[in-house]
Every structure is written in structure tokens, then in C-alpha cells.
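Observations on the model geometry
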Amino acid sequence: MAISFYKYQGTGNDFVMVDNRKHNFPADDEALVKSLCDRRTGVGADGLILLQNHPDYDFEMVYYNADGRVGSMCGNGARCTVRFARQLGVIEDVACFLAADGEHQASVERDLIQLKMHDVKEVEQIGEDFYLNTGSPHYVRFVEDVELLDVYEEGRAIRYNERFNEVGTNVNFVQRLSDNEIFVRTYERGVEDETLSCGTGVTAAALVAGMKGMQSPVKVKVLGGELQVAFEQHETGGFKHIYLMGPARQVFSGTVPLQQV
Ligand SMILES: N[C@H](CCC[C@H](N)C(=O)O)C(=O)O
């Protein structure tokens with residue numbers, strides 16, 4: 001038996017995608033997911049996503065981190081899944097789909113995928129830093145020079161802080177570049193390394209930039225390209241009408257013999 005897969009990437013956050021509408025991919029096999037995501041002995045990706053039928057939605061996305069564990073919401077992965085659904089003919093230019101954190105709307109505008117995120121009701125302040133959930137948990141720290149930072153070491157120190165216990169957190173380091181632009185680097189839980197981009201992390205960083213007075217939409221530079229985040233801020237704190245926008249495309253497709261993974 002062989003597994004057919006597609007490889008997608010959105011601003012450098014890359015995913016093995018499986019069309020699971022008619023198959024039954026053995027995703028509870030953590031070792032299998034992990035080996036497919038391995039960059040030397042597998043296809044190589046930050047995560048694996050199943051696109052599935054759902055009776056009430058255009059489709060359902062099920063996301064696994066590169067370590068093989070079922071993940072929470074993945075913003076770039078969702079944008080890639082929308083592109084994948086479009087290319088499979090599952091949707092046209094708009095989608096309403098189910099992800100780990102519930103329903104999402106999205107639209108395809110040429111090269112760009114715009115994804116509606118859930119409202120964020122509260123942002124916790126921890127010293128000078130912030131902690132919020134944009135579908136996945138994110139710690140946000142503003143720094144002077146993000147390019148010089150050791151994201152792996154400093155990210156791990158926060159990731160494994162006992163405050164976050166087994167659940168852990170993703171960690172985002174943010175530099176303000178101008179009145180409407182930030183640069184974000186993210187240490188990702190489940191990948192346990194820096195990735196080139198993290199959609200829910202970029203969203204979290206842009207919302208914190210909003211709290212610090214930046215107007216929507218916020219342009220976000222990441223190592224793998226550029227995204228944009230639009231939002232409305234409640235007077236009482238919290239955010240609504242949050243949109244993440246950026247490119248997502250197919251890189252290649254192939255098959256993996258199952259006995260070899
Ligand atoms: N890369 C993803 C985030 C995945 C979240 C995952 N790493 C976790 O929280 O465990 C994104 O684009 O939003």
C-alpha cells in the first residue's frame with residue numbers, strides 16, 4: 001500500500017497534505033506522522049494535515065504537529081488546506097470549514113488566502129510580555145532586534161517554563177519595524193524548533209501590536225515571507241473580526257510506500 005500526499009507551504013510553514021475524503025489515513029499512528037514529517041528520512045514538513053468530508057461543512061481539516069501529536073489550530077496550515085480544497089475542486093473561492101478550534105470562513109483571492117480567525121477575548125500580561133490564544137497558545141515578547149536573537153534557546157526557555165506545564169506554548173519574538181509593520185520569529189511547540197512562519201503566532205503578535213497602538217491592518221514580515229493581519233479592537237479589551245491573509249501554494253505531490261515509513 002502507498003500513501004498519496006501533497007506538499008504545501010504558506011510563507012515557509014510547510015505541510016504534508018492528505019486527501020482523506022475517501023481513505024482512512026492511520027493518523028493515530030504517531031510514529032507514521034512523525035516519520036513523514038522528518039526532513040531527512042521522510043517527506044519533510046512542520047505538520048501533517050488531513051482534508052476530510054464533513055456533513056455540515058465544505059470540509060474538515062485535522063492537523064498534526066511534526067512530532068506526530070494531534071495539534072490545535074494552525075493558521076498557515078488552514079490557509080494551505082483552503083488552497084488544497086480549491087485545487088481538488090471541493091470549494092470555489094469561498095470556504096466554511098471545521099478546524100480544531102471550530103468553524104472558520106476563508107476566501108481565495110488569486111495568490112492570497114484570507115482566513116477568518118476566532119475572536120480573542122482576553123490577553124494576559126506577564127511582566128512586559130503577553131499570553132493569548134488565537135486557536136493555539138502563544139507567548140509574545142517584543143524585542144529590539146529580532147534578527148540577532150537566538151530564537152531556539154530563548155524560545156525553549158519560555159516554552160518549558162513550568163507556568164505552561166504539559167500544555168506548553170508557542171513563543172513569538174516581535175520587532176516593531178514601522179507604524180504598521182512588525183517582524184516576527186516563532187519557536188513552535190510540536191516542531192520544537194523555530195519555523196519560517198506561524199500563522200496563529202503572527203496573528204497573536206499583530207493583536208499585541210494593536211494593544212500597543214498599531215492600527216489594523218498590520219503587515220507582518222516573517223523569515224518565509226509576508227502576511228497581513230486585520231482586526232477590530234473592543235474598547236473593553238479583546239479583539240473581533242480578525243483576518244489572517246497571505247500566500248499558500250502547492251510545492252509537489254507524490255506517494256510513499258507504507259511499509260517503508
Ligand atoms: N504553524 C501553525 C501553528 C501550529 C500550532 C502548533 N505548533 C501548536 O500550537 O502546537 C500556524 O501557522 O498557526
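Residues numbered from 1 in each chain as written. Predicted model: local features only at pLDDT ≥ 70, side-chain atom pairs only at ≥ 80, totals over all residues. Heavy atoms only, no water.

Labelled according to an unreviewed UniProt entry, the protein appears under the name Diaminopimelate epimerase, originating from Pontibacter akesuensis. A UniProt comment under Function (unreviewed entry) is attached to the protein, and it reads "Catalyzes the stereoinversion of LL-2,6-diaminopimelate (L,L-DAP) to meso-diaminopimelate (meso-DAP), a precursor of L-lysine and an essential component of the bacterial peptidoglycan." Check the Catalytic activity (unreviewed entry) section of the UniProt entry for the protein; it says "(2S,6S)-2,6-diaminopimelate = meso-2,6-diaminopimelate". (UniProt positions renumbered as here; feature names shortened; annotations may be inferred.)

Moving on to the domain arrangement of the protein. Domain boundaries assigned for the protein yield domain 1 (2–116 + 248–260) and domain 2 (124–246). Taking the mean C-alpha position of each, domain 1 and domain 2 sit 23 Å from one another. Summed over both partners, the interface of domain 1 with domain 2 comes to about 1,700 Å²; 50% of that surface belongs to carbon and sulfur atoms. Its largest share of buried area at the contact with domain 2, domain 1 owes to Thr-11, Gln-114 and Lys-116, together 30% of the area lost on that side. Counting the contacts that link domain 1 with domain 2 gives 0 salt bridges. Across the domain 1-domain 2 interface, the total number found is 11 residue pairs in polar contact (both at pLDDT 80 or more). At the level of secondary structure, the elements contributing two or more residues to the side of domain 1 that touches domain 2 comprise strand S4 (57–65), helix H2 (75–88) and strand S7 (112–117). Grouping the constituent residues of the side of domain 1 that touches domain 2 by class yields 8 nonpolar, 9 polar and 7 charged. (Domains from an automatic or database assignment. Buried area = accessible area lost by both parts, 1.4 Å probe. Salt bridge = Lys/Arg side-chain N within 4 Å of Asp/Glu carboxyl O. Polar contact = N/O pair within 3.5 Å; in protein donor to acceptor, adjacent residues only side chain to side chain. Helix = DSSP H or I, 4+ residues; strand = E, 2+ residues; numbered from the N terminus. Nonpolar A, V, L, I, M, F, W, Y, C, P; charged D, E, K, R; others polar.)

Considering all chains together, one arrives at 9 aromatic pairs under this definition. Both rings, one in Phe-59 and one in Phe-97, keep their centres 4.9 Å apart while their planes meet at 10°; by these two values the pair is stacked. Here Phe-59 is found in strand S4, whereas its partner Phe-97 is found in strand S5 (residues 94–99), with 38 residues between them in sequence. Comparing Phe-59 with Phe-97 shows no difference in burial state: the two are buried. Three or more aromatic residues joined by ring pairs form one cluster here, namely Tyr-6, Tyr-8 and Phe-84. Over the ring of Phe-142 we find Lys-212, and its NZ or CZ is 4.8 Å from the ring centre. Just above the ring of Phe-183 sits the side chain of Lys-221; from NZ or CZ to the centre is 5.0 Å. (Phe/Tyr/Trp six-rings, centres within 6.5 Å; stacked < 30°, edge-to-face > 60°. Buried < 20%, exposed > 50% of the residue type's maximum accessible area, 1.4 Å probe, protein only. Lys NZ or Arg CZ within 6 Å of the ring centre and 35° of its normal.)

Glancing now at the UniProt feature "active site" (unreviewed entry) in the protein. Here the UniProt-annotated "active site" (unreviewed entry) positions come out as Cys-74 and Cys-198. Over a stretch of 125 residues, the named residues converge on one spot in the fold, their C-alpha atoms separated by at most 7.7 Å. Relative to the assigned elements, Cys-74 resides in the loop between S4 and H2. Residue contacts for Cys-74: discarding those within four places in its chain leaves Phe-15, Met-61, Tyr-63 and Thr-200. In this structure, Cys-198 sits in the loop between strand S13 (193–195) and helix H4 (199–211). (Contact = heavy atoms within 4.5 Å.)

On the secondary structure map, Arg-159 appears in helix H3 (residues 151–159). Judged by relative accessible area, which is 8%, Arg-159 ranks as buried. In this structure the side chain of Arg-159 is engaged in a polar contact, spanning 2.7 Å, whose partner is the side chain of Glu-192.

Our focus in this paragraph is the environment of Met-245. The topology assignment puts Met-245 in strand S16 (residues 239–247). As a C-alpha pair, Met-245 and Glu-122 span 123 residues in sequence and 22 Å in three-dimensional space. Those residues in contact with Met-245, other than ones at most four positions away along the chain, are Glu-109, Leu-112, Ile-113, Gln-114, Leu-227 and Gln-228.

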